[in-house]
Amino acid sequence: MSPADAGRHRPEGEHEVKGVAFRDDGDGAPETAGVGSAVAAERLPRRVTWLKVVLMPAVLAVVLLGTWLWFRSADLDSIAENALAGGNVWLRFTEHVELTAISTFFVLIIAIPLGILLTRPGLRKAAPAVTTLANIGQATPAIGLLALLVIWLGIGKRAALIGMIIYAVLPVLSNTIAGLRANDPTLLEAARGIGMSRAGVLAKVELPLAVPLILAGVRTALVLNVGTATLAAFGGGGGLGDLITTGITTQRMPVLVLGSLLTVALALFVDWLASLVELLLRPRGLEVGT
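Since we're looking at a predicted model, the values are computed, not measured.

Novice: Tell me about the overall build of the protein, and name the residues and values.
Specialist: Summing up its helical and strand segments, the protein has twelve helices and two strands in all. Helices and strands in the protein line up, N terminus first, as α-β-β-α-α-α-α-α-α-α-α-α-α-α. Counting every position in the protein, which comprises 290 residues, the buried fraction comes to 35%. In the protein, the share of contacts with a sequence separation of at least 24, taken over all contacts with a separation of at least 6, comes to 76%. Surface accessibility of the protein: about 16900 Å² in total, with carbon and sulfur atoms responsible for 68%.

What follows is the structure, given as structure tokens:
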């Protein structure tokens, strides 16, 4: 059979080069890729399930409702009533939220940029020293750190905020450094090989890949700040710690229980909210195959 006859009888899409037959799928490749993408998309886990959204708020609502019903039937004397009168509970709650939000904001604008700088070639050698310094800040007992700051800065919210920031910097800083160092060097080289600048590689490759670890550090810092904010009362910073200390010093159990339960509920709510944000901001590509 001549080569021309063989070409006429050869299936469509099959060719021969130097005696070797091969098949060009042509338009079939995009269709196969599309099917593969659809299958991969179906295998991706749902980021936020209804159970994740509803369960924790429902539990907290039940706990707070039970606390309110118990509190209504509690026998309060004049000292307990004075401690809770005049919207004092709401005032302390808003102060606590304010302390947590402000301290976490400053933790983020300090720890994340610092973590990025400490992974750059020029400052990489300074990373152990800075991490050790941040570790000392967290290893120091929070009440002792606050007492030193009150002696230095005086009574007020400023001393409490600085103490909270120092105490919560380590998780975000260490996770930022660990997340950026864990990136595959071949991916970074490939990004530079296609012409991306160092800033482009950082913004479009390094940081997105490090997002899960960074967000885990932010979540830890948030919960730490909610707990540490209760100690602000010892330095005149306000917050729910005022209710707790009042309940302890006056031996009024309803006041103590109310302040403690509100603090626990706020910590659980913040942790739940941060977990949702962590799931929503996680790069979609990191979920393939999980």
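Novice: Quick rundown of the nonpolar core? Include the residues and the values.
Specialist: With 19 residues, the main nonpolar core has Val107, Ala111, Val169, Val172 and Leu173 as its most contacted residues. The set of elements that each furnish at least two residues to this core consists of helix H5 (88-117), helix H6 (127-139), helix H8 (157-181) and helix H10 (198-228). Here the element with the most residues in this core is H8; it accounts for eight residues. Beyond its immediate stretch of four places on either side in the chain, Val172 contacts Val107, Leu108, Ala111, Ile112, Gly217, Val218 and Ala221.

Novice: Requested: an account of the pattern of salt bridges, with residues and values cited.
Specialist: Under the counting rule described, the total for this entry stands at eight salt bridges. Residue Glu206 pairs with Arg120 through a salt bridge whose shortest N-O separation is 3.1 Å. A residue pair is termed long-range when its members are at least 10 positions apart, and Glu206 in helix H10 and Arg120 in the loop between H5 and H6 qualify at 86 residues. Linking Glu278 and Arg219 is a salt bridge whose minimum nitrogen-to-oxygen distance equals 3.3 Å. Of this pair, Glu278 sits in helix H12 (residues 253-281) while Arg219 sits in helix H10, placing them 59 residues apart in sequence.

Novice: Which residues make up the side chain of Thr67, and what values go with them?
Specialist: Topologically, Thr67 is positioned in helix H3 (residues 50-73). Here Thr67 is in contact with Leu258 and Leu261, once residues within four sequence places are set aside.

Novice: Could you give an account of the packing of aromatic side chains, naming the residues involved and the relevant values?
Specialist: In this structure the tally under the stated criterion is three aromatic pairs. With 5.8 Å between their ring centres and 25° between their planes, Trp90 and Phe93 make a pair best called stacked. Linking Trp90 with Phe93, this pair stays in helix H5, spanning three residues, or about one helical turn. Take Trp90: its relative accessible area is 60%, and that puts it in the exposed class. Taking the centre distance of 5.5 Å and the plane angle of 40° together, the rings of Phe269 and Trp272 count as tilted. Taken as a pair, Phe269 and Trp272 lie in helix H12 at a separation of three residues, close to a single helical turn. Overall, the relative accessible area of 36% leaves Phe269 in the partly exposed class.

Novice: Break down the packing of H10 against H12 for me, citing the residues and quoting the values.
Specialist: Viewed as axis vectors pointing N to C, H10 and H12 meet at an angle of 170°, and their least axial separation amounts to 9 Å. It follows that H10 is roughly antiparallel to H12 by the angle criterion. Across the interface between the two elements, Val211, Pro212, Leu215, Ala216, Arg219, Leu222, Val223 and Val226 of H10 pack against Thr263, Leu266, Ala267, Val270, Asp271, Ala274, Ser275, Val277, Glu278 and Leu281 of H12. Its residues assigned to classes, the contact of H10 with H12 comprises 13 nonpolar, two polar and three charged.

Novice: Explain the packing of H6 against H8 residue by residue, including any values.
Specialist: Following both chains from N to C, one finds H6 and H8 inclined at 150°, their axes separated by 7 Å at the closest point. H6 and H8 meet at a crossing whose hand is left-handed. Between H6, through Ala127, Val130, Thr131, Ala134, Asn135, Gly137 and Gln138, and H8, the contact on the second element is made entirely by Ile166, Tyr167, Val169, Leu170, Pro171, Leu173, Ile177 and Arg181.

Novice: How would you explain the side chain of His96 if you had to name every residue and give the values?
Specialist: Relative to the helices and strands, His96 resides in helix H5. Aside from chain neighbours lying at most four places away, what touches His96 is Val226, Ala229, Thr230, Gly239, Leu240, Gly241, Thr263 and Leu266.

Novice: Tell me about a nonpolar patch on the surface, residues and numbers included.
Specialist: Judged by side-chain polarity, Leu51, Leu55, Val59 and Val63 come together as a nonpolar surface patch covering roughly 350 Å² of accessible area. Assignment of secondary structure puts Val59 in helix H3.

Novice: How would you explain the environment of Ser174 if you had to name every residue and give the values?
Specialist: Secondary-structure assignment places Ser174 in helix H8. A residue is classified by how much of its surface remains accessible, and Ser174, at 26% relative accessible area, is partly exposed. One polar contact links the side chain of Ser174 to the main-chain carbonyl oxygen of Leu170, over a distance of 2.8 Å.

Here is what the cut-offs are and how they apply
- Residue numbering note: each chain is counted from 1, following its sequence as written.
- Reporting in this predicted model follows two pLDDT cut-offs: at least 70 for local features of residues, and 80 or more for side-chain atom pairs to be given and counted; totals over whole chains, interfaces and linings ignore these cut-offs and use all residues.
- For side-chain calculations, the full set of non-hydrogen atoms in the structure is used, while hydrogens and water are omitted.
- Helical segments are the DSSP runs of H or I of at least four residues, strand segments are the runs of E of at least two, and each set is numbered from the N terminus.
- Relative accessible area decides the class of each residue, using a 1.4 Å probe on protein chains only: under 20% of the type maximum gives buried, over 50% gives exposed, and in between gives partly exposed.
- Throughout, a residue-residue contact means that at least one pair of heavy atoms, one from each residue, lies within 4.5 Å.
- Note on areas: these come from Shrake-Rupley sampling with a 1.4 Å probe, and a residue is covered only by the protein chains present in the view.
- In this description, a nonpolar core means a group of buried Ala, Val, Leu, Ile, Met, Phe, Trp, Tyr and Cys residues linked to one another through side-chain atoms lying within 4.5 Å.
- Salt bridge, as applied in this entry: a Lys or Arg side-chain nitrogen positioned within 4 Å of an Asp or Glu carboxyl oxygen.
- Ring geometry is summarised as follows: Phe, Tyr and Trp rings, the Trp one being its six-membered ring, pair when their centres sit within 6.5 Å, and such pairs are stacked at plane angles under 30 degrees, edge-to-face over 60 and tilted between the two.
- Think of each axis as a best-fit line through the C-alpha atoms, taken over the contacting stretch in the case of a helix, with angles from 0 to 180 degrees between the N-to-C directions.
- Here roughly perpendicular refers to angles of 65 to 115 degrees, roughly parallel to angles under 35, roughly antiparallel to angles over 145, and oblique to all remaining angles.
- Polarity classes work like this: nonpolar for Ala, Val, Leu, Ile, Met, Phe, Trp, Tyr, Cys and Pro, charged for Asp, Glu, Lys and Arg, and polar for all others, with Gly in that last group.
- Handedness of a crossing follows from how the near helix is turned relative to the far one, being left-handed for an anticlockwise turn of less than a right angle and right-handed for a clockwise one.
- Only residues whose relative accessible area exceeds 30% and that form no salt bridge enter a patch; like-charged residues are grouped when within 9 Å of one another, and nonpolar side chains (Val, Leu, Ile, Met, Phe, Trp, Tyr) when within 5 Å.
- N or O atoms within 3.5 Å of each other form a polar contact, as long as, within protein, one can give a hydrogen and the other can take it, and as long as residues adjacent in sequence are counted only when both atoms are side-chain atoms.

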